Amino acid sequence: MNELVFKTTALSTAEPYTTSEVIAEYSENSHHAIQQLISKNKDNLEEFGILAFEMRKLKPGRGAKAKIYHLNEQQTTFLITLLKNTPNVVAFKSELTRQFYATRKELQERHSLRLEDKSKRKNLTDAIRDWSLKGNYPQPYSMLTNLLCKNATGSSCKQLKEKRGADASVTELMTVEELETYQQAENKVIAMLSLNADYQQIKALLNGGTLQVAI
């Protein structure tokens, strides 16, 4: 199946959700029928959180906009228990449950890695400060943070924020895989800074080269 579960933001503090549109499509109901089901059970659904929605066209082109509900995991779990269990609906429920679990697990892993990265942040900041005193590097922290970000994501800090639509710490926007790559590179950079490697040497090593410095 396609992507059934989404995130409220690109941040690791995001919440997973699905939409009334997704539920309608994969349960083989009209969107209007799912809207009516949500409206009928509005009080029950709101026990599990605010019943969020957006106004959007269901199909490209002209036409009135429809109310697309955003349902959190608990709201979704309650709503899908009200659907008839045809073979297709059972398969949909199974995949939806799997994707909610996978999304929440990924967010939790990102949060844990972020906490781990915070403990290293002071070490990197101190290493950059000491390193910059030995050479003429304008904005050394920004320069090295951009290098680390590009190494992990392929984008500069500014580009990553633009791509993921949030002005936040870049590590807050990274996937688990990107964060792991970032932290591995961060450890290398701290070690290279202690050896007084210059920027080009650091960049070359992160790109797969070798480090040769005079100690």
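As the structure is a prediction and not an experimental result, all values here were calculated from the model.

Undergrad: Would you take a moment to explain the sheet that holds strand β3 (residues 52-56) for this structure?
TA: Judged by pairing direction, the sheet is antiparallel, and its four strands sit side by side in the order β1-β2-β4-β3 without closing on themselves. Each edge of the open sheet carries a strand with a single partner, namely β1 (6-7) and β3. When β3 meets strand β4 (residues 66-72), the two strands line up antiparallel, connected through five bridges. Residue F53 lies in a different strand from β4, and its bridge partner there is Y69.

Undergrad: Looking at this model, I keep getting lost on the packing of aromatic side chains. Mind explaining?
TA: Two aromatic rings, taken as a pair, are described by how far apart their centres are and by the angle between their planes. The final tally for this structure, using the stated rule, is four aromatic pairs. Note on Y26 and F92: the rings are 5.8 Å apart at their centroids and 15° apart in plane angle, and the pair reads as stacked. Of the two residues, Y26 is situated in helix α1 (residues 20-26) and F92 in helix α5 (residues 87-132); the sequence distance between them amounts to 66 residues. With respect to class, Y26 is no different from F92; both count as buried.

Undergrad: Help me understand the nonpolar core in this model?
TA: Note on soluble globular proteins: their nonpolar side chains tend to be buried together. Grouped together as the largest cluster of nonpolar side chains are 28 residues, with contacts concentrated most on L144, L148, M174, V189, L193, I202 and L206. With residues near it in sequence (within four places) discarded, L206 still touches L147, L148, N151, A185, K188, V189 and M192. If you look at the next biggest cluster of nonpolar residues, it comprises 20 residues, including Y26, L45, I80 and F100.

Undergrad: Explain the pairing of β4 to me, please; I cannot follow it from the model alone.
TA: Every regular strand shows the same layout, with side chains that alternate between the two sheet faces. Summarising burial for β4: five of the seven residues are buried, a large majority. Note: strand β2 (residues 16-19) against β4, three bridges, orientation antiparallel. Among the inter-strand pairings, T18 is bridged to a residue of β4, identified as L71.

Undergrad: I tried to follow the environment of T153 on my own but got confused; where do I start?
TA: Position of T153 among the secondary structure elements: in helix α6 (residues 140-153). Residue class for T153 comes out buried when judged on its relative accessible area of 19%. For T153 and R121, which are 32 residues apart along the polypeptide, the C-alpha to C-alpha distance reads 19 Å. Discounting residues that sit within four places of it in the chain, T153 has contacts with L160, M174 and E178.

Undergrad: Honestly, the pattern of salt bridges in this entry has me stumped. Any pointers?
TA: Pairing between side chains of opposite charge can happen when the charged atoms of each approach one another. One pass over the full model with this rule turns up 14 salt bridges. For the salt bridge of E21 with R56, the shortest nitrogen-to-oxygen distance reads 2.8 Å. In this pair, E21 sits in helix α1 while R56 sits in strand β3, placing the two residues 35 residues apart along the sequence. Salt bridges linked by common partners bring K7, E106 and R110 together as one network.

Undergrad: I keep staring at unusual backbone geometry and nothing clicks. Help me out?
TA: For residues other than glycine, phi is negative in most cases, and the peptide bonds are mostly trans. In this model, E28 sits at a positive phi of 60°, which is unusual for a non-glycine residue. Mapped onto the elements, E28 comes out in the loop between α1 and α2 (31-40). The exposure class assigned to E28 is exposed, which follows from its relative accessible area of 54%. The backbone phi angle of Q139 is positive, close to 50°, even though this residue is not glycine. Here Q139 lies in the loop between α5 and α6. Q139 sits in the exposed class, given a relative accessible area of 63%.

Undergrad: Help me out: how do you make sense of helix α4 (residues 73-80) in this one?
TA: Because the α-helix completes a turn every 3.6 residues, residues three or four places apart line up on one side. The complete set of buried residues in α4 reads Q75, T76, L79 and I80. Down the axis, α4 shows its buried residues gathered within 120° of arc, on one side only.

Each value, and the rule that gives it
Residues numbered from 1 in each chain as written. Predicted model: local features only at pLDDT ≥ 70, side-chain atom pairs only at ≥ 80, totals over all residues. Heavy atoms only, no water. Pairing = 2+ DSSP bridges. Helix = DSSP H or I, 4+ residues; strand = E, 2+ residues; numbered from the N terminus. Phe/Tyr/Trp six-rings, centres within 6.5 Å; stacked < 30°, edge-to-face > 60°. Buried < 20%, exposed > 50% of the residue type's maximum accessible area, 1.4 Å probe, protein only. Core = buried A, V, L, I, M, F, W, Y, C linked by side-chain atoms within 4.5 Å. Contact = heavy atoms within 4.5 Å. Salt bridge = Lys/Arg side-chain N within 4 Å of Asp/Glu carboxyl O. Arc of directions from axis to C-beta.

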